[in-house]
Amino acid sequence: SSLTEALAILSDRRFQIAILDYNLGDGQSSELFSILKEQNCPFVISTGSGDEETAARLMNQGAADYLIKDPERNYLKILPVTISKTLSRHQTEGQLQLLNRAIQSVKDGIYILDCRGNIQYINNTLAEFSDIAPEAAIGQSVQKLSDRSFSNLERSPISNCDSRLQLRRWSI
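All residue numbers refer to positions counted from 1 along the written sequence of the respective chain. Residues qualify for local features only when their pLDDT is at least 70, as the model is predicted, and side-chain atom pairs are given and counted only at 80 or more; totals for whole chains, interfaces and linings, by contrast, use all residues. Only hydrogens and water are removed before side-chain values are computed, so all heavy atoms of the structure are retained for them.

Participant: Which residues make up the overall build of the protein chain, and what values do they have?
Facilitator: Within the protein chain, the regular secondary structure consists of seven helices and nine strands. The classification of residues rests on relative accessible area computed with a 1.4 Å probe and restricted to protein chains. Under 20% of the type maximum is buried, over 50% is exposed, and intermediate values are partly exposed. Looking at the protein chain residue by residue over its 172 residues, the buried ones come to 34%. Taking the contacts inside the protein chain whose residues are at least 6 apart along the sequence as the reference set, 41% of them involve residues at least 24 apart. For the accessible areas, the method is Shrake-Rupley and the probe is 1.4 Å, while residue cover comes only from the protein chains on display. Surface summary for the protein chain: the accessible area is close to 10700 Å², and the carbon and sulfur share equals 50%. Secondary structure follows DSSP: runs of H or I at least 4 residues long count as helices, runs of E at least 2 residues long count as strands, and numbering of each begins at the N terminus. Contacts are assigned to residue pairs that have any heavy atoms within 4.5 Å of one another.

As structure tokens, then:
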């Protein structure tokens, strides 16, 4: 019910998710955002007097979702779905970050193509070997990589284009 109370609780406890009222008795919940982000805790904001601008601002600051409290308390009916969706999205984001770190740390060059042969992703190893920034490679034809000196490298497709993307690796 107060910012002071929330700060005290967050100093010695961790949560899987936090549901925060926007206006607290002695401050605003946005003052807790950095602590929650540091603890890797997703949070949902609820408020009795909100608008789209406030919702967009809070979500840009890291809120996973935003609920407007209505006098009939109908927002409580969607709260369980909001919590479930937020936890699922948070878990998926964590898995994607882990996978990205793993792919970036592999010593083989890895790239992903769309079905037109345009680069959608290259890892750091291939970027360094081909002397191209990953951001500069995105959207370019795979020919951009083939133009480099790769005659001594083994190319092996990991999957085909059935899923509209191809994943390939270079053994360096």
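Participant: So what's going on with the nonpolar core? Which residues, and what values?
Facilitator: Here, nonpolar core means buried Ala, Val, Leu, Ile, Met, Phe, Trp, Tyr and Cys residues that are tied together by side-chain atoms lying within 4.5 Å of each other. Grouped together as the largest cluster of nonpolar side chains are 17 residues, with contacts concentrated most on Leu20, Leu32, Leu36, Phe43, Ile45 and Leu58. Counting residues per element, the ones that place at least two in this core are α1 (3-12), β1 (18-21), α2 (33-38), β4 (43-47) and α3 (52-60). Those residues in contact with leucine 58 that lie beyond four places of it in its chain are Tyr22, Phe33, Ile45, Ala63 and Tyr66. Formed by 10 residues, the second largest nonpolar core is a distinct cluster that contains Leu126, Ile132, Ala137 and Leu145.

Participant: How would you summarise the pairing of β4 if you had to cite specific residues and measurements?
Facilitator: In terms of burial, β4 is a largely internal element, five of the five residues being buried. If you view a crossover with the strands going away from you and the path from the first strand over the helix to the second runs clockwise, you call it right-handed. Read as a crossover between parallel neighbours, the route from β4 over α3 to strand β5 (residues 65-68) is right-handed.

Participant: If you had to explain the pairing of strand β7 (residues 119-122) to someone new, which residues and values would you point to?
Facilitator: As paired elements, strand β6 (residues 109-114) and β7 share three bridges and run antiparallel to each other. Residue isoleucine 112 lies in a different strand from β7, and its bridge partner there is tyrosine 121. Following DSSP output, two strands are said to pair if at least two bridges run between them. Counting the residues in the hairpin turn of β6 and β7 gives four residues, including glycine 117, whose phi is positive at 85°.

Participant: Describe the side chain of asparagine 123, and please don't skip the residues or the numbers.
Facilitator: Along the chain, asparagine 123 turns up in the loop between β7 and α5 (124-130). Classification of asparagine 123 as buried rests on a relative accessible area of 0%. The term polar contact refers here to a pair of N or O atoms within 3.5 Å; inside protein, the definition further demands a hydrogen-donor-capable atom paired with an acceptor-capable atom, and it admits residues adjacent in sequence only when both atoms are side-chain atoms. Among the polar contacts made by the side chain of asparagine 123, one reaches the main-chain amide nitrogen of isoleucine 110 at a distance of 2.9 Å. For asparagine 123, the contacting residues outside a window of four places in its chain are Ile103, Gln104, Val106, Asp108, Gly109 and Ile110.

Participant: Could you give an account of the pattern of salt bridges, with specific residues and numbers?
Facilitator: Any carboxyl oxygen of Asp or Glu within 4 Å of a side-chain nitrogen of Lys or Arg constitutes a salt bridge here. Within this structure, the stated rule accounts for three salt bridges. For aspartate 21, the salt bridge identified is with lysine 69, shortest N-O distance 2.6 Å. Of this pair, aspartate 21 sits in strand β1 while lysine 69 is found in the loop between β5 and α4 (75-105), placing the two residues 48 residues apart along the sequence. A relative accessible area of 26% places aspartate 21 in the partly exposed class. The residue lysine 85 makes a salt bridge to aspartate 65 at a minimum N-O spacing of 3.2 Å. Of this pair, lysine 85 sits in helix α4 while aspartate 65 sits in strand β5; the two residues are 20 residues apart in sequence, bridging distant segments of the chain.

Participant: Describe α3, and please don't skip the residues or the numbers.
Facilitator: An α-helical turn contains 3.6 residues, so any two residues separated by three or four positions project in the same direction. Among all positions in α3, only Thr54, Ala55 and Leu58 are buried. All buried residues of α3 fall inside an arc of 100° around its axis, so they share one side. α3 presents Glu52, Glu53 and Asn60 as exposed residues on the side facing more than 90 degrees away from its buried surface. Where α3 is buried, its residues contact α2, β4 and β5. Within two residues after α3, glycine 62 carries a phi angle of roughly 125°, on the positive side. Comment: arc refers to directions from the helix axis out to C-beta atoms.

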